[in-house]
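# Structural description and commentary
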Amino acid sequence: GFSGFAAMLTPEQAKQLAEVPEVISVEKNKIHTTATTRSWDFLGLNYQMTGTSSGLLKGSNYGEDVIIGVVDTGIWPESRSFSDEGYGPIPSRWKGKCQLGPDWGSNNCTRKIIGARFYTAGVLDKHLKADTLSPRDRNGHGTHCASTAAGSIVEAASFNGLAEGVARGGAPRARIAVYKSGWGSGSFSTASVLAAIDDAIHDGVDVLSLSIGGRGQVAFGALHAVQKGITVVYAAGNDGPRPQTVGNISPWVITVAASKVDRSFPTVITLGNKQQIVGQSLYYQAKNSSGSSFAGLLVGQGCTADTLNGTDVRGIILFCLPLPDDARTPVSTFEYASQYVRNGGGSGLIFAQYTTDLLTVTASVACQGIACVLVDLDTGEKIIKYVGAASSPVAKIEPAHTVTGKEIPEAKVASFSSRGPSRDYADIIKPDIAAPGANILAAVGDSYVMYSGTSMAAPHVAGIVALLKAEHPDWSPAAIKSAIMTTARVTDKRGMPILAEGLPRKTADPFDYGSGNINPTGAADPGLVYDIDPRDYNKFFGCTIVRRTNVSCDATMLPAYHLNLPSIAVSELRRPVTVWRTVTNVGEADSVYHAEVQSPAGVMMEVEPTVLVFNTTDRVHSFKVKLAPMWRLQGDYTFGSITWRKDQKTVRIPVAARMTIQDFYADVA
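Keep in mind the model is a prediction, meaning the values are calculated, not measured. (Residues numbered from 1 in each chain as written. Predicted model: local features only at pLDDT ≥ 70, side-chain atom pairs only at ≥ 80, totals over all residues. Heavy atoms only, no water.)

## Comments concerning the overall build of the chain
Using the following cut-off: Numbering of helices and strands runs from the N terminus; a helix is a DSSP stretch of H or I covering at least four residues, while a strand is a stretch of E covering at least two. Remark: exposure states derive from per-residue accessible area (1.4 Å probe, protein chains only) relative to the maximum for the residue type, with buried under 20%, exposed over 50%, and partly exposed in between. Here the open area of atoms and residues is found with the Shrake-Rupley method and a 1.4 Å probe, where only the protein chains shown may cover a residue.
When you go through the chain residue by residue, the secondary structure sums to 15 helices and 36 strands. Going through the 669 residues of the chain one by one, you find that 56% of them count as buried. Counting only carbon and sulfur atoms, one obtains 51% of the accessible surface of the chain, whose full area is about 27,600 Å².

## What about the pattern of salt bridges?
The following threshold applies: For this document, the term salt bridge refers to a Lys or Arg side-chain nitrogen within 4 Å of an Asp or Glu carboxyl oxygen.
Evaluation of the coordinates by the stated rule reveals 28 salt bridges. In this structure, the salt-bridge partner of Lys412 is Glu501, at a minimum N-O distance of 3.9 Å. Highlighted residues: Lys412 in the loop between strand S20 (403-404) and strand S21 (433-436) and Glu501 in the loop between strand S24 (499-500) and strand S25 (506-507), separated in sequence by 89 residues. A residue is classified by how much of its surface remains accessible, and Lys412, at 15% relative accessible area, is buried. Owing to a relative accessible area of 2%, Glu501 belongs among the buried residues under this scheme. Here Arg494 makes a salt bridge to Asp492, at a shortest N to O gap of 3.7 Å. By relative accessible area, which is 14% here, Asp492 ends up buried. A single network of salt bridges, built from pairs that share partners, joins Glu78, Asp103, Arg136 and Arg138.

## Quick word on a nonpolar patch on the surface
Here is the rule: To count toward a patch, a residue needs a relative accessible area over 30% and no salt bridge; like charges are then connected within 9 Å, while nonpolar side chains (Val, Leu, Ile, Met, Phe, Trp, Tyr) are connected within 5 Å.
Taken together, the side chains of Met604, Met630, Trp631 and Leu633 define a hydrophobic patch exposed on the protein surface, amounting to about 420 Å² of accessible area. Following the sequence through the fold, Met630 ends up in the loop between strand S34 (620-629) and strand S35 (637-646).

## Description of the nonpolar core
Burial of nonpolar side chains together is a common tendency in soluble globular proteins. For the record, the criterion: Side-chain atoms within 4.5 Å link the members of a nonpolar core, which is a set of buried Ala, Val, Leu, Ile, Met, Phe, Trp, Tyr and Cys residues. It only takes one pair of heavy atoms within 4.5 Å for two residues to be counted as in contact.
By size, the foremost hydrophobic cluster in this structure holds 47 residues, and its most contacted members are Val233, Val461 and Ile484. Ranked by residues supplied to this core, first place goes to helix H11 (residues 454-471) with 9 residues. Residues within four places of Ile484 in sequence aside, it is in contact with Ile254, Ile433, Val461, Val465, Leu468, Ile518 and Ala523. Grouped together as the second largest cluster of nonpolar side chains are 41 residues, Val71, Ala219, Trp252 and Phe540 included.

## What to know about the state of the cysteines
Each disulfide is one covalent bond, formed between the sulfur atoms of two cysteines. Spelled out, the test is: Two cysteine sulfur atoms make up a disulfide if the distance between them is within 2.5 Å.
By the definition in use, this model includes 3 disulfides. With a sulfur-sulfur separation of 2.1 Å, Cys98 is cross-linked through a disulfide to Cys109. Since a negative S-S torsion denotes a left-handed disulfide, the Cys98-Cys109 link at about 90° is right-handed. Taken together, the positions of Cys98 in the loop between strand S2 (67-72) and strand S3 (113-118) and Cys109 in the loop between S2 and S3 put the pair 11 residues apart, joining distant regions of the chain. Classification of Cys98 as partly exposed rests on a relative accessible area of 27%.

## A short note on the pairing of S35
What counts here: The rule for pairing is simple: two strands pair if DSSP sees at least two bridges between them.
Of all 10 residues in S35, 8 are buried, a share of seventy percent or more. One ladder, built from 5 bridges, connects strand S31 (residues 591-598) with S35; its direction is antiparallel. Bridge pairing links Val597 to Ile642 in S35. Of the strand pairs in this sheet, S35 and strand S36 (residues 649-659) are connected by 10 bridges, and their pairing is antiparallel. Of the residues in S36, the one forming a bridge with Lys646 is Lys649. What sits between S35 and S36 in their antiparallel hairpin is a turn of 2 residues, with Asp647 showing a positive phi close to 55°.

## Observations concerning the UniProt feature "active site" (unreviewed entry) in the chain
For the record, the criterion: UniProt positions are given in the numbering used here, feature names are shortened, and annotations may be inferred rather than shown by experiment.
Using the residue numbers shown here, the UniProt feature "active site" (unreviewed entry) corresponds to Asp72, His141 and Ser455. Judged by maximum C-alpha separation, these annotated positions cover 384 residues in sequence but sit close together in space, the widest gap being only 9.9 Å. The topology assignment puts Ser455 in helix H11.

## A word on H11
Heads up, the condition is: Helix span, expected: 1.5 Å multiplied by one less than the number of residues in the helix.
Between its first and last C-alpha, H11 extends 26 Å over 18 residues, near the 26 Å set by a 1.5 Å rise per residue. The buried fraction of H11 amounts to 16 of the 18 residues, a majority that puts the element mostly inside the structure.

## Notes on the environment of Ala569
Structurally, Ala569 is set in strand S29 (residues 568-573). Ala569 sits in the buried class, given a relative accessible area of 2%. Between the C-alpha atoms of Ala569 and Ala656, which are 87 residues apart in sequence, the distance is 4.6 Å. Discounting residues that sit within four places of it in the chain, Ala569 has contacts with Ala426, Asp427, Ile428, Ile429, Tyr561 and Ala656.

## What about the side chain of Ser259?
Topologically, Ser259 is positioned in strand S11 (residues 254-259). Non-local contacts of Ser259, meaning those with residues more than four positions away in its chain, are made with Lys412, Val413, Ala414, Ala434, Ala435, Pro436, Gly437, Ala438 and Asn517.

## Overview of the pairing of strand S23 (residues 447-451)
Pairing between strand S22 (residues 440-444) and S23: 5 bridges, direction antiparallel. Residue pairing in the sheet places Leu441 in a bridge with Met450 of S23. Between S22 and the antiparallel strand that follows it, S23, lie 2 residues; Gly445 among them carries a positive phi value of about 60°.

## What about the confidence of the model for the chain?
Threshold: A residue's pLDDT is simply how confident the predictor is in it, with values from 0 to 100.
When the pLDDT values of the chain are averaged, the result is 88; 90% of them are 70 or greater. This stretch, residues 49-53, has a pLDDT under 50; its non-local contacts, to residues over four places away or in other chains, come to 7 contacts. The model gives residues 544-551 a pLDDT under 50, and that stretch makes 20 contacts with residues more than four places away or in other chains.

## Details of the sheet that holds strand S1 (residues 31-33)
Heads up, the condition is: Axis definition: a line fit to C-alpha positions, over the contact stretch in the case of helices; interaxial angles, taken between N-to-C directions, run 0 to 180 degrees.
Across the sheet, which stays open at both edges, the 3 strands sit in the order S1-S8-S7 with antiparallel pairing between neighbours. Two strands close off the open sheet at either side, each with one partner strand: S1 and strand S7 (182-183). Each of S1 and strand S8 (187-189) touches helix H6 (residues 190-203); the most contacted strand, S8, lies at about 70° to it.

## Observations concerning unusual backbone geometry
Backbone torsion omega between Gly240 and Pro241 reads 0°, so that peptide bond is classified as cis. Here Pro241 shows up in the loop between strand S10 (231-235) and S11. Along the chain, Gly420 connects to Pro421 via a cis peptide bond; the corresponding omega equals 0°. For Pro421, the position within the fold is in the loop between S20 and S21. Non-glycine residue Cys303 carries a positive phi angle of around 55°. Tracing the backbone through its elements, the reader meets Cys303 in the loop between strand S15 (295-301) and helix H8 (305-308). On the accessibility criterion, Cys303 (0% relative accessible area) is buried.

Dropping the structure here:
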């Protein structure tokens, strides 16, 4: 992929090496971290259906023989999700290898898992000692991601009876190449990830899926992959809902936010006065369980070490209501309270919280053997009133059950999903797209477990990319990215706007979900695409070659909004700006598209021309977008869009603009 190497050097050696004229840069190794049954049906990719909903699956033959490279914590080859039954020979173009280890033999590589490698460079010894030196996944994260992207079809998968259905990947007939770069609890090093990307380029993967966080050096390894025709998909990160936390923000990759699907796990709580309250949990009972029964109910204000202070919880249900001035995160409070109840012999935990996405923690180790249920603050107040009126308050918690479909709100952006704008490249909207990433059921070891994170969202997109690659093998990575972004949904099936969980919940904008929630069927037939010659990226992100160790290889040479991206962001709008975009017709040859312009608030936006006419000879057209501030203002971002419409087909890109007066103006007052 590129000319470079990783080595253990002293600071003095690194300094000397940086002074060699032929050396562009010397950079210190960094450590990175890891960033279902219902989700594919929700996205319209039901392999059992006939008709238009399954068109992409059938048109791509379920992604057959597309090779997805998964850079992660390895894979568990014995999982049913990686069965190679019915697969033909490994594609002859494959150049990869099966690297052996103490718990990985040559038979662990199959016609499904066609390659497996592992990388240890730059990884701390403590993480290596907690793992095995092989491609085998002792963490579970890599197996979960690989099965989400390309898992074979597995009937009757569930998490202890919850979320039961058919588990499968987005491209269930795709091949998987494993590049284990994460170790122990999920620690990656820059050196190991770059080495994995380099080998993946050589081996012949079609798609790379990386569910890791970070910024900087790794992105330029991905650039070399894109320039070789490989689509690279990254997770956006799990630091939301705080703004400017999005990672993996290079314009040549697809950066994926996490959204929710139309599924919930209602859990009935019966109070002693027979009032029933419905919470959410992943609580289940063992098959030989005698069922639910009433237990004493105790209120723990705040549920901190100070407020509980040795409180006896043996045999009772603890109800936690957060204190108004509690600055801790709900996750840390929940984990402490559940561990307290479990260690103290308690029966269960009811945890009141503002709206967020903590459901998977109710199935954590701390909740094993007890019932952990989440309720909202309004419901919590009802419990408080009951406890205050009862002489001996009691409650009973029933096991959760699964509800899917029309009665469940659709496609909210998950609260943990990292948000834009990008701190590094403000003239690029990131993330690019949202995909299911909350409470996703997929393979872990020999079973199926629910995980949440943008780590789960990225392989959803990788699987869809594999389908698009199979159906449109001549499309470039930029064309595939464009098809995904311009067909995304910003409303649900009822026409209601997609929301973003946060503090508070709000209508989502491009810094929450990019172009919107992914629409695989639409992406297969986008009409127009915004294509990019990958060499064009070099004009915008060149290396500044200087003889020092902190050499900059990501300095923006020109405003990034001049890249032909399927989005427009102008972060410093002080005077009129003209931006050009070029679209290529990949749909019906004789087509006429009309522009629909929604200007960002406070910005005058015009498109010229407003009509694009395509035929067999004119497949490519350019148009210009003029943006002008309406006032002299040190403002904030506002959002709009440009849509090209032909009958019912729409090709939409988001627009973000910020009016400014001064440079380096801190908007913190």
